[in-house]
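# Close look at the chain arrangement
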Amino acid sequence: MKQIWKKRAVAAAVLVFVGAAVYLNWRYSDHVSDASKVLGQSTLVNAQQDGAAQTGTDDYFATARLSRKQARDSAISMLQEAEADENAEQSVLNEASETLQVLAAYTVAEAQIESLVTAKGYADCVTFMGADSVSVVVSDADGLDATDVARIKDIVINETSYTAEQIKIMEAN
């Protein structure tokens, strides 16, 4: 009986960690206004700009993608450890497997949304998906208007199962 509670506690901890990682990434995208002031961050260089340093907005997108990837990798590692536990209960294994599939689906959908948004002519884009919502941060030299927001929401709706009310579009500063 004690073994079952231990396994359930591990599964619950992993799910809480995954949820926290997604939430922190979402909050990070909401509150970072100048990613160029991150302690210890080096300047990124874009080969298309003949080696010129990118702007703070471009650094934000690179930093946000890296943060999202690190949080996901950490969560995936913990889920894989739970799956590898030979003493794990089948329900724990199933839950870990389902969560890994969800994270993989988020990763694919986020990349697809980002590619489609930039293909529409926006300078850059980063997407954060969670269980109940999706946030899309977009960089556009002309600023976002209602038409832009509708176009981006349409892309997200077509690529995911989210409704318009679950989609948040933000302009990077």
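Criteria and thresholds
Residues numbered from 1 in each chain as written. Predicted model: local features only at pLDDT ≥ 70, side-chain atom pairs only at ≥ 80, totals over all residues. Heavy atoms only, no water. Axes fitted to C-alpha atoms, helices over the stretch in contact; angles between N-to-C directions. Helix = DSSP H or I, 4+ residues; strand = E, 2+ residues; numbered from the N terminus. Left-handed = near helix turned anticlockwise from the far one by under 90°. Contact = heavy atoms within 4.5 Å. Phe/Tyr/Trp six-rings, centres within 6.5 Å; stacked < 30°, edge-to-face > 60°. Buried < 20%, exposed > 50% of the residue type's maximum accessible area, 1.4 Å probe, protein only. Pairing = 2+ DSSP bridges.

## Some details on the packing of helix α3 (residues 90-119) against helix α4 (residues 146-159)
- Their axes nearest at 10 Å, the elements α3 and α4 cross at an angle of 145°. α4 is crossed by α3, and the crossing has right-handed handedness. Counting all contacts with α3, which are made through Q112, I113, L116 and V117, the residues of α4 involved are I152, I155, V156 and E159.

## Considerations on the packing of aromatic side chains
- Using the criterion set out here, one finds one aromatic pair in the structure.
- With a centroid separation of 5.2 Å and 70° between ring planes, the pair formed by Y60 and F61 is classed as edge-to-face. Just as Y60 is buried, F61 falls in that class too.

## Side note on the sheet that holds strand β3 (residues 167-171)
- An order of β1-β2-β3 is seen for the three strands of this open sheet, with the pairing classed as mixed. Here the strands that pair on one side only, and so sit at the sheet edges, are β1 (124-129) and β3. Between one strand and the next, the sheet's axes are offset by a mean angle of 15°, whatever the strand orientation.
- In the sheet, strand β2 (residues 134-139) pairs with β3 via five bridges, with the strands oriented parallel. Considered in β3, the bridge of V137 is made with M170.

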